[in-house]
Amino acid sequence: DISDLMGSDLPMPDEALGDEENTSTGSSFKWCDGALLKAIKNGDWVLLDELNLASQSVLEGLNSCLDHRASVYIPELGETFHCPLTFRIFAAQNPLAQGGGRKGLPKSFLNRFTKVYVEALSKDDLQGIVEAKFPMLTP
């Protein structure tokens with residue numbers, strides 16, 4: 001959901017809020033940044049895995065970050081956040097043939113990325129990784 005990426009108002013117990021926000025109703029709501037908005041604010045890199053499983057609303061929400069605007073408007077905050085030059089979006093997806101609701105992404109969307117195809121790792125590749133990472137396991 002796009003709110004997972006950008007953020008949303010979440011219920012907070014009164015003690016988590018400052019005195020000026022505290023009410024006697026039992027709980028209040030407070031904005032919490034999502035992973036993508038945090039990355040934009042910090043100029044970090046973000047990996048969006050299984051992007052071809054994303055809903056249309058998520059893809060549309062990413063457009064303003066990926067096009068000439070390089071920004072995102074959060075209506076709940078009434079604020080536009082500009083993507084700094086250090087901010088990067090990496091996306092990964094598995095082939096459509098793997099099923100599970102995967103769909104082909106529009107070419108106009110895919111053209112915003114540099115495509116890199118990676119073949120599945122062989123048994124020798126996996127063994128080499130394990131041996132390099134965990135030499136104490138090597139017979």
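Quick caveat, the model's predicted, so the values are computed rather than measured. (Residues numbered from 1 in each chain as written. Predicted model: local features only at pLDDT ≥ 70, side-chain atom pairs only at ≥ 80, totals over all residues. Heavy atoms only, no water.)

### Description of the packing of aromatic side chains
Geometry of an aromatic ring pair is reported as the spacing of the ring centres plus the angle between the planes.
Part 1 of the argument: Following the criterion strictly, the structure yields two aromatic pairs and no others.
Part 2 of the argument: Here Trp 45 and Phe 90 contribute two aromatic rings whose centre-to-centre distance is 5.2 Å and whose plane-to-plane angle is 50°, an arrangement assigned as tilted. Of this pair, Trp 45 sits in strand β3 (residues 45-48) while Phe 90 sits in strand β6 (residues 88-91); the two residues are 45 residues apart in sequence, bridging distant segments of the chain. (Phe/Tyr/Trp six-rings, centres within 6.5 Å; stacked < 30°, edge-to-face > 60°. Helix = DSSP H or I, 4+ residues; strand = E, 2+ residues; numbered from the N terminus.)

### Observations concerning helix α2 (residues 35-42)
Part 1 of the argument: Leu 36, Leu 37, Ala 39 and Ile 40 are the residues of α2 that are buried. The buried residues of α2 occupy an angular sector of 160° when the element is viewed end-on, so they sit on one face.
Part 2 of the argument: Directly after α2, the chain includes Gly 43, whose backbone phi takes a positive value near 70°. (Buried < 20%, exposed > 50% of the residue type's maximum accessible area, 1.4 Å probe, protein only. Arc of directions from axis to C-beta.)

### Here we look at a nonpolar patch on the surface
Part 1 of the argument: Side chains of Val 130, Phe 134, Met 136 and Leu 137 sit close together on the surface and give an oily, nonpolar patch of about 420 Å² of accessible area.
Part 2 of the argument: Turning to its location among the elements, Leu 137 is positioned in the segment after α5 (123-133).
Part 3 of the argument: Overall, the relative accessible area of 60% leaves Leu 137 in the exposed class. (Patch = residues over 30% accessible without salt bridge, like charges linked within 9 Å, V, L, I, M, F, W, Y side chains within 5 Å. Areas by Shrake-Rupley, 256 points an atom, 1.4 Å probe, with all protein chains shown as cover. Salt bridge = Lys/Arg side-chain N within 4 Å of Asp/Glu carboxyl O.)

### Observations regarding the side chain of Ser 71
Part 1 of the argument: Locating Ser 71 in the fold gives a position in strand β4 (residues 71-74).
Part 2 of the argument: Here Ser 71 is in contact with Ser 64, Cys 65, Thr 80, Phe 81, His 82 and Cys 83, once residues within four sequence places are set aside. (Contact = heavy atoms within 4.5 Å.)

### So, the nonpolar core
Part 1 of the argument: In terms of nonpolar packing, the biggest core is built from 24 residues, with Leu 36, Ile 40, Leu 51, Leu 62, Val 72, Phe 87 and Ile 89 touching the most fellow members.
Part 2 of the argument: Elements represented by at least two residues in this core include exactly α1 (2-6), α2, β3, α3 (56-66) and β4.
Part 3 of the argument: With sequence-adjacent residues up to four places away left out, Ile 89 is seen in contact with Leu 36, Val 46, Leu 48, Cys 65, Leu 66 and Phe 113. (Core = buried A, V, L, I, M, F, W, Y, C linked by side-chain atoms within 4.5 Å.)

### Re unusual backbone geometry
What is expected of a backbone is that most residues other than glycine have negative phi and most peptide bonds are trans.
Part 1 of the argument: Its identity is not glycine, yet Glu 50 carries a phi of approximately 55°, on the positive side.
Part 2 of the argument: As for its position among the elements, Glu 50 is in the loop between β3 and α3.
Part 3 of the argument: Located in the positive-phi region is Ala 70, a residue other than glycine, with phi close to 45°.
Part 4 of the argument: With respect to the element layout, Ala 70 can be found in the loop between α3 and β4.
Part 5 of the argument: Here Ala 70 falls in the partly exposed class, since its relative accessible area comes to 27%.

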